Amino acid sequence: MYVLNTTKIGDKEYAMVDIKPGTMRPLGEWSLDDSFYGGRVQYIGRTKDDILCLVNAEDNISKVIDLAVEKLDSLPNDILRKLCHAKKLNVDKNGRQINTTSRDKLLELLEPWRKK
């Protein structure tokens, strides 16, 4: 699982309404213990585009506090492109945005980040 350290990809801010019904599961069902994410996440839910929403459910209020993905390879190109942009990975040494549609290039750009 790769935590994205954001609740926004592109122009989309993910919230509880984006979680597909019936997909929110407690951490134990993901083989994660209560200390995952500093103990602040109790549930993980899946969106229609396979983004995982990390959910804090304290004080009877549930809120998406971060996003994650199981495998970057499974995401569609538009999401990969937005991730590259959000992480500022698709810029050249002069700070200009690299506009690529190649799936292999997008995954190549994300490779060093996903190992962090």
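Residues numbered from 1 in each chain as written. Predicted model: local features only at pLDDT ≥ 70, side-chain atom pairs only at ≥ 80, totals over all residues. Heavy atoms only, no water.

**Student:** Explain the state of the cysteines to me, and be specific about the residues and the numbers.
**Tutor:** In protein chemistry, a disulfide is the covalent bond that joins the sulfur atoms of two cysteines. By the definition in use, this model includes 0 disulfides. Unpaired in this structure, Cys53 has its nearest cysteine sulfur neighbour in Cys84, at a distance of 20 Å. The exposure class assigned to Cys84 is buried, which follows from its relative accessible area of 1%. (Disulfide = S-S within 2.5 Å. Buried < 20%, exposed > 50% of the residue type's maximum accessible area, 1.4 Å probe, protein only.)

**Student:** Describe the nonpolar core, naming the residues involved and giving the relevant values.
**Tutor:** Formed by 20 residues in total, the largest nonpolar core has its most connected members in Ile9, Ile51, Leu67, Leu72, Leu75 and Leu83. The set of elements that each furnish at least two residues to this core consists of β6 (52-58), β7 (61-69), α1 (77-86) and α2 (103-114). Counting 9 residues, the second largest nonpolar core, distinct from the first, contains Leu27, Trp30, Ile44 and Leu54. (Core = buried A, V, L, I, M, F, W, Y, C linked by side-chain atoms within 4.5 Å. Helix = DSSP H or I, 4+ residues; strand = E, 2+ residues; numbered from the N terminus.)

**Student:** If you had to explain the environment of Asp11 to someone new, which residues and values would you point to?
**Tutor:** Looking at the secondary structure, you find Asp11 in the loop between β2 (8-9) and β3 (12-13). Along the backbone, Asp11 and Lys82 are 71 residues apart, and their C-alpha atoms lie at a distance of 8.8 Å.

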